[in-house]
Amino acid sequence: MEKTIIAIFCYRRASKLKRCVEALLKNPECSSMDLIFFCDGYKGDHDKEGVLQSRTYIDSLSGFRNIYKQYRTINVSTGPNFQEGLLYLCQHYDQFIIIEDDLIVSPNYIRFMLDSLDMYRHQPSIFTVSGYCFPIKPGRYLYDSFVHSRFCCYGWASWSDRIREVIWDKSVLYHIMHDSPRFKRRLDTEGMDLYRTLNKQIHGRISTWDIQMQVHVSENGLKVIYPVVSKTYNIGFDEESTNTFGVDYLKTKPDSGVKRKFRLCDSHLESAELQRQMKKPYSFQSLAIRKLKNTMIKLTDSTKKAG
C-alpha cells in the first residue's frame, strides 16, 4: 500500500466531529492507519469554546496507528484551512483520504477508498474518488463505481501528484475564467451553480476550496469516480455550519457497510444515464426551486426571531 493517511478538516462543531470519528472507527482499517486533523482557529469569544471543545475531544482520541494535529493559531477560514492542509498532505504523503467534520461514513468507506486508490492510481484521467453519491437508479449497471465529471467534496480521496496541480491563486483563476475559450459552457455542463460560485470565490464573497478543484477538472478534461451506493452522508445543514444552510438536498441512503469487495469500473466506461441523474440536482430548475425554498426558510426564521 502506498503511503496513505486519513485527514479530517474541522473547526468548532465538537458534537458533529465526535459522531464523524465514531463512524470512522467502525472501519476496521483505521487501527493500522495514520490520522491527521486540520483544525481552524477561533475568531473570537463567540466561537472559542466550540474550537476548544473540538480540540479537547481530538486530544482524547485513540484507535488509530498515529494521530497528528495541526491546530491553527488564528482563524484562516474554510478555504485557506483546506488549501494549506492539502499542500501539507501533498508534500508528505503519496495519497490521502479526506473527511470533513459534518460527514458520517459507512463501515466500508475506507475499504472502498483504498481499493479505488489502488485501482485508479495508474489511470491519470481520474482526478479523485468520491465517497458520496446522490440516490440513483443504476438499473442494469453492473459495477460498484461509475465515472462522472463533477468534483464532490463530501468525503473523497486522491493522489498528491494530482492535487498539487490545482490552481488556488485568485488572479490566475480570474484569467482562466475570462480568457479560457468556452470556459463557462464547460462549467455549466456540470452544474449551473459552478460559474456563480467561482465568481463569488474570486471576489472574496465566500471562502471555499472545492470550486478550485472543479475548475481543474473542467480545464483538464478529468474525471471523478463515484460509488453507486453512497459511503457518506452529510449532517451539516444547520446553524452551526459555515457553508451549508437551508434545504438538505444531499440526503441519501448510505451503504450498510457489509460489502467489502467492489467491482470497480474502468476509467473509460461512462454511463450516460448515471451522469444524467447526477446532474439533475444542479440543473437551473432544481437550483431555482432550492433557492426559493431557502428564501422561505430565512423569512420564517427572521419572523420567529422578530416575534
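Note that the structure is a prediction, hence the values are computed from the model and not measured.

I would appreciate a short explanation of the overall build of the protein chain in the present structure.
Scanning the protein chain from terminus to terminus reveals eleven helices and ten strands. For the C-alpha atoms alone, the extent of the protein chain along its principal axes is close to 50 × 45 × 40 Å. Counting the 307 residues in the protein chain, one finds 53% classified as buried. If you take every contact in the protein chain between residues at least 6 apart in sequence, the share linking residues at least 24 apart comes to 82%. One way to put it: in the protein chain the 45 positive side-chain charges average out to a point 5 Å from where the 35 negative ones average out.

For this particular structure, what's the right way to read the pattern of salt bridges?
A side chain with one charge can pair with a side chain of the opposite charge if their charged atoms come near. Overall, the coordinates contain 17 salt bridges when judged by the stated rule. For arginine 13, the salt bridge is made with aspartate 102, and the minimal N-O distance between the two is 3.4 Å. With a gap of 89 residues between them, arginine 13 in the loop between strand 1 (4-10) and helix 1 (14-24) and aspartate 102 in the loop between strand 4 (95-100) and strand 5 (103-105) connect regions that are remote in the sequence. What makes arginine 13 buried here is its relative accessible area of 9%. A relative accessible area of 6% places aspartate 102 in the buried class. Taken together, the shared-partner salt bridges in this structure form one network comprising Glu29, Arg111, Asp115 and Arg260.

Before we go on, may I ask you to explain the packing of aromatic side chains in this structure?
Given two aromatic rings, their pairing is described by the distance between the two centres and the angle made by the two planes. On inspection of all chains with the given rule, the structure shows 15 aromatic pairs. Plain terms: the ring middles of phenylalanine 112 and phenylalanine 262 are 5.2 Å apart, the flat faces sit at 90° to each other, and that makes the pair edge-to-face. Of this pair, phenylalanine 112 sits in helix 4 (residues 109-120) while phenylalanine 262 sits in the loop between strand 10 (232-234) and helix 10 (272-279), and the two are 150 residues apart along the sequence. Phenylalanine 112 gets classed as buried once you look at its relative accessible area, which sits at 0%. Taking relative accessible area as the criterion, phenylalanine 262 reaches 14% and is therefore assigned buried. Directly above the aromatic system of tyrosine 282 lies the positively charged group of arginine 150, at a separation of 3.5 Å from the ring centroid. When the ring centre of tryptophan 159 is taken as reference, the NZ or CZ atom of arginine 162 above it lies at 3.9 Å.

Is there a simple way to explain the packing of helix 1 against helix 2 (residues 45-59) in this structure?
How two helices pack is summed up by the angle between their axes together with the distance between the axes. Axis separation between helix 1 and helix 2 bottoms out at 9 Å; the angle between their running directions is 25°. By the angle between their axes, helix 1 is roughly parallel relative to helix 2. Between helix 1 and helix 2 lies a crossing of right-handed hand. Facing Ala14, Leu17, Lys18, Val21 and Glu22 of helix 1, the residues of helix 2 in contact are Gly50, Gln53, Ser54, Tyr57 and Ile58.

Could you clarify how one ought to interpret a positive patch on the surface in this entry?
On the surface, a cluster of positive charge is made up of Arg196, Lys200, Arg205 and Lys291. Position of lysine 291 among the secondary structure elements: in helix 11 (residues 284-306).

Just to check I follow, could you spell out a nonpolar patch on the surface for this structure?
On the surface, Leu292, Met296 and Leu299 cluster together into a nonpolar patch covering about 310 Å² of accessible area. Within the fold, leucine 299 resides in helix 11. Using a relative accessible area of 49% as the deciding quantity, one classes leucine 299 as partly exposed.

Looking at this structure, I do not really get the environment of glutamate 219. What am I missing?
Relative to the helices and strands, glutamate 219 resides in helix 9 (residues 210-220). Accessibility expressed as a relative area gives 28% for glutamate 219, which makes it partly exposed. Spatially, the C-alpha atom of glutamate 219 lies 23 Å from that of tyrosine 132, the residues being 87 residues apart in sequence. Not counting chain neighbours up to four residues away, the residues in contact with glutamate 219 comprise Ile176, Ser180, Phe183 and Arg186. There is a polar contact of 2.8 Å between the side chain of glutamate 219 and the side chain of serine 180.

What is the right way to look at unusual backbone geometry in this model?
One can expect most non-glycine residues to show negative phi and most peptide bonds to be in trans. Phi angles above zero are rare outside glycine, and serine 77 is one such case at about 85°. With a relative accessible area of 23%, serine 77 lands in the partly exposed category. The phi dihedral of arginine 182 falls on the positive side, at around 60°, and the residue is not glycine. With respect to the secondary-structure elements, arginine 182 resides in the loop between helix 6 (170-179) and helix 7 (183-190).

How should I be thinking about the sheet that holds strand 3 (residues 66-71) in this particular structure?
Ordered by their spatial adjacency, eight strands build an open sheet running 3-2-1-4-8-6-9-7, and the pairing between neighbours is mixed. Every other strand in the sheet has two partners, leaving strand 3 and strand 7 (145-148) as the edge strands with one partner each. Within this sheet the neighbouring strands show an average axis-to-axis angle of 25°, counted without direction. With six bridges connecting them, strand 1 and strand 2 (residues 34-39) associate as parallel partners.

Calculation notes
- Residues numbered from 1 in each chain as written.
- Predicted model: local features only at pLDDT ≥ 70, side-chain atom pairs only at ≥ 80, totals over all residues.
- Heavy atoms only, no water.
- Helix = DSSP H or I, 4+ residues; strand = E, 2+ residues; numbered from the N terminus.
- Buried < 20%, exposed > 50% of the residue type's maximum accessible area, 1.4 Å probe, protein only.
- Contact = heavy atoms within 4.5 Å.
- Lys, Arg positive; Asp, Glu negative; His and termini not counted.
- Charge placed at Lys NZ, Arg CZ, Asp CG, Glu CD.
- Salt bridge = Lys/Arg side-chain N within 4 Å of Asp/Glu carboxyl O.
- Phe/Tyr/Trp six-rings, centres within 6.5 Å; stacked < 30°, edge-to-face > 60°.
- Lys NZ or Arg CZ within 6 Å of the ring centre and 35° of its normal.
- Axes fitted to C-alpha atoms, helices over the stretch in contact; angles between N-to-C directions.
- Parallel < 35°, antiparallel > 145°, perpendicular 65-115°, else oblique.
- Left-handed = near helix turned anticlockwise from the far one by under 90°.
- Patch = residues over 30% accessible without salt bridge, like charges linked within 9 Å, V, L, I, M, F, W, Y side chains within 5 Å.
- Areas by Shrake-Rupley, 256 points an atom, 1.4 Å probe, with all protein chains shown as cover.
- Polar contact = N/O pair within 3.5 Å; in protein donor to acceptor, adjacent residues only side chain to side chain.
- Pairing = 2+ DSSP bridges.

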